[in-house]
2 protein chains.
Amino acid sequence: MSTDLVFTALADPTRRTVLDTVAARQGITATQLAADLPVTRQAVAKHLQVLADAALVEGERAGRETRWRATPAPLTDAIAWMANVGAAWDDRLAALERATRGRNGS
Amino acid sequence: MSTDLVFTALADPTRRTVLDTVAARQGITATQLAADLPVTRQAVAKHLQVLADAALVEGERAGRETRWRATPAPLTDAIAWMANVGAAWDDRLAALERATRGRNGS
DNA sequence: ACAAAGCGCAACCCATGAGTTGCATGACAC
DNA sequence: GTGTCATGCAACTCATGGGTTGCGCTTTGT
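Residues numbered from 1 in each chain as written. Chains lettered and ligands numbered in written order. Predicted model: local features only at pLDDT ≥ 70, side-chain atom pairs only at ≥ 80, totals over all residues. Heavy atoms only, no water.

1. Re the protein's contact with DNA strand C
- As a matter of local geometry, DNA strand C sits amid 21 residues, with Thr31 of chain A together with Arg15, Thr40, Lys46 and His47 of chain B nearest to it.
- Within 4 Å of the protein, atoms of DNA strand C come from sugar and phosphate in 66% of cases.
- Residue Arg41 of chain A places a side-chain N or O atom 3.0 Å away from a base oxygen belonging to DNA strand C.
- Thr14 of chain B is positioned such that a nitrogen or oxygen atom in its side chain is 3.5 Å from a phosphate oxygen of DNA strand C.
- Of the residues assigned to the surface near DNA strand C, the class counts are 4 nonpolar, 9 polar and 8 charged. (Near = heavy atom within 4 Å. Polar contact = N/O pair within 3.5 Å; in protein donor to acceptor, adjacent residues only side chain to side chain. Nonpolar A, V, L, I, M, F, W, Y, C, P; charged D, E, K, R; others polar.)

Structure follows, in structure tokens:
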């Protein structure tokens, strides 16, 4: 489905760091994220938007700040694609596909 | 380690199609790949080079043609990263990490 | 009421990358 | 030996994307 958005979102190292941090510190804000990164808040905001388009994060406005939290479901699609590519000649990846199948969260 | 190269390689849709096709038809050549794609042979060759840099494919010269075949090992790293990000709040992804651990093929 | 904090939007650089054409080289067929 | 097929390399175009600055808006605190 939207595998393309997911892979695109994961392609950038800074964006992976953002996702990683959001996953570790749920409810973090863009300003807080930017404080630990060598980029501006606006750059972080853009990354969050890309991640949100891929449904990897979700933002909720709380007063004057926006709390971000990670939503892992789309990662399953990406893993499924990799497993499908690898399954033909690698049973280990086939096992991974088996682990994901039928449990796609929402 | 070289997770960056893997994610970058997987980011492009055409490149994913190339990898997909190479996985399905091991020993395929760049010219054959280009025949089924809306891009030129040189474009395919570039994609194959990127995939090779990420160690996702391997080319072997056989006479005047180069046979390409897929090598799945780096996908495990990518999956491991995703599983690590997701593991904190999603046990399904934690199960995936368990499935990959300790079996990193070469 | 006023100042500061946090955010979103828009315009703007600039580097990277996907794709192309052109050409030169090595291998196969006859 | 000559023509052809597949490849590799180089130069070039062009769009996309990561990053920035600047501004205006809403919310919070005093």
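2. Notes on the packing of aromatic side chains
Residue and element names in this part refer to chain B.
- The full count for this structure, using the stated rule, is 2 aromatic pairs over all chains.
- For the pair Phe7 and Trp81, a centre-to-centre distance of 5.7 Å together with 75° between the ring planes defines the contact as edge-to-face. Of this pair, Phe7 sits in helix 1 (residues 3-11) while Trp81 sits in helix 5 (residues 73-87); the two residues are 74 residues apart in sequence, bridging distant segments of the chain.
- Overall, Phe7 belongs to the buried group, its relative accessible area being 0%. (Phe/Tyr/Trp six-rings, centres within 6.5 Å; stacked < 30°, edge-to-face > 60°. Helix = DSSP H or I, 4+ residues; strand = E, 2+ residues; numbered from the N terminus. Buried < 20%, exposed > 50% of the residue type's maximum accessible area, 1.4 Å probe, protein only.)

As far as function goes, none of this settles anything; it's purely spatial.
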